[in-house]
Amino acid sequence: MQRETREKFGLLLGLVGVICFSLTLPSTRVAVEYFGTTVVGLGRTVVAAILVTVVLIVRKEKLPSPRQFKSLFIVAVGAVLGFPLLTSWAMESLPVSHGAVELALLPLATAGFAMFRAGEVPSLKFWISSIIGSFAVIMYALHLGFGQLHFADLALLAAVIILGLSYAEGGKLAKELGSWQVIAWSIMIGAPFFIIPVGLNLTTEMLHAPLQAWVSFIYLAVVSQFLAYVAWYSGMAMGGIARVSQIQYLQPFLMILFAAVFLHESITFFTLVIAVIVVFSVIFGKNAPVSEKATVSEDQIVLDEEVVIDKDHG
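Predicted model only: the values in this text are computed from it and were never measured.

Draft legend 1. Representation of the nonpolar core. Grouped together as the largest cluster of nonpolar side chains are 73 residues, with contacts concentrated most on Tyr167, Val182, Ile183, Ile187, Tyr229, Trp232 and Tyr233. If we ignore the near neighbours within four places in the chain, the residues touching Tyr167 are Phe21, Leu106, Thr110, Tyr229, Trp232, Tyr233, Met236 and Gln248. Grouped together as the second largest cluster of nonpolar side chains are 10 residues, Val40, Ala209, Ala213 and Phe217 included.

Below, the structure written as structure tokens:
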């Protein structure tokens, strides 16, 4: 696959991941009301681990190296522990639209960590588009009166930081370990530690939860915690971490849309205007040049990436 085609396919996979992630907060908002923070935040990983175990055994995947396990631990702390737990706690008291606006800062966190962890150097055009998108969502937050921070807000901001690091680390590691393998092994790292706290918080009343609560929880476990990351990390590995992270600017508005459809939250004209501004910032920034610090030739980079892709499809 040629580099240009690979990058375009990476952007497409990134979009699929973002759409899947956009249903995370609405699903969490529904599930946490019936199952609680711990079961929703950590229990999704325990359930996902069952699916992951089957996949790893069937494919006879080899254990990652000690160096790779260090990176996987970073991914696990952010994507498997911190983000699910913090957002589950925040969604007990905040509307989805509130959380969606604050999570819109995630692309900047991802791009910033990408420079340090993956050696990517975004251009001035990239940062201009990032500033435009961030400024738009900040204005949106101020318009809705979200300027005053509460503990739930701090939890969401902490979730943004640790998930940004997790995204950057996972995108870098996906180039050598494989896209879905990154989140799969991260789930396997975290799940054993979550079984006891999840078990202690299970109650018989949860068996009587409505169907939408169970559907939401299953979606969080199977899609949000695993399948969405497969698409997301594949996209970053193929299209570049900083460039693909631009697509995340669509995520808060997709969340608001899904919240309106499934939770009946209102959508204002101002929301649509901000959405248009953010979309244009994504279009402006997705083609911005992003250089990569490297000590090998470009031909070798292409060859190495082709080997990773062949491995993923093998």
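Draft legend 2. Geometry of the side chain of Ser166. Positionally, Ser166 belongs in helix α7 (residues 151–177). Residue contacts for Ser166: discarding those within four places in its chain leaves Ile74, Val75, Gly78, Ala79 and Tyr233.

Draft legend 3. Layout of the pattern of salt bridges. Counted according to the given criterion, the structure contains two salt bridges. With a shortest N-O distance of 3.1 Å, Arg59 and Glu61 are connected by a salt bridge. Of the charged contacts, one joins Glu176 and Arg67 as a salt bridge, the two residues approaching to 2.6 Å between their closest N and O atoms. Taken together, the positions of Glu176 in helix α7 and Arg67 in helix α3 (residues 66–90) put the pair 109 residues apart, joining distant regions of the chain.

Quick notes on the rules
Residues numbered from 1 in each chain as written. Predicted model: local features only at pLDDT ≥ 70, side-chain atom pairs only at ≥ 80, totals over all residues. Heavy atoms only, no water. Core = buried A, V, L, I, M, F, W, Y, C linked by side-chain atoms within 4.5 Å. Buried < 20%, exposed > 50% of the residue type's maximum accessible area, 1.4 Å probe, protein only. Contact = heavy atoms within 4.5 Å. Helix = DSSP H or I, 4+ residues; strand = E, 2+ residues; numbered from the N terminus. Salt bridge = Lys/Arg side-chain N within 4 Å of Asp/Glu carboxyl O.

Keep in mind these numbers describe shape, not what the thing actually does.
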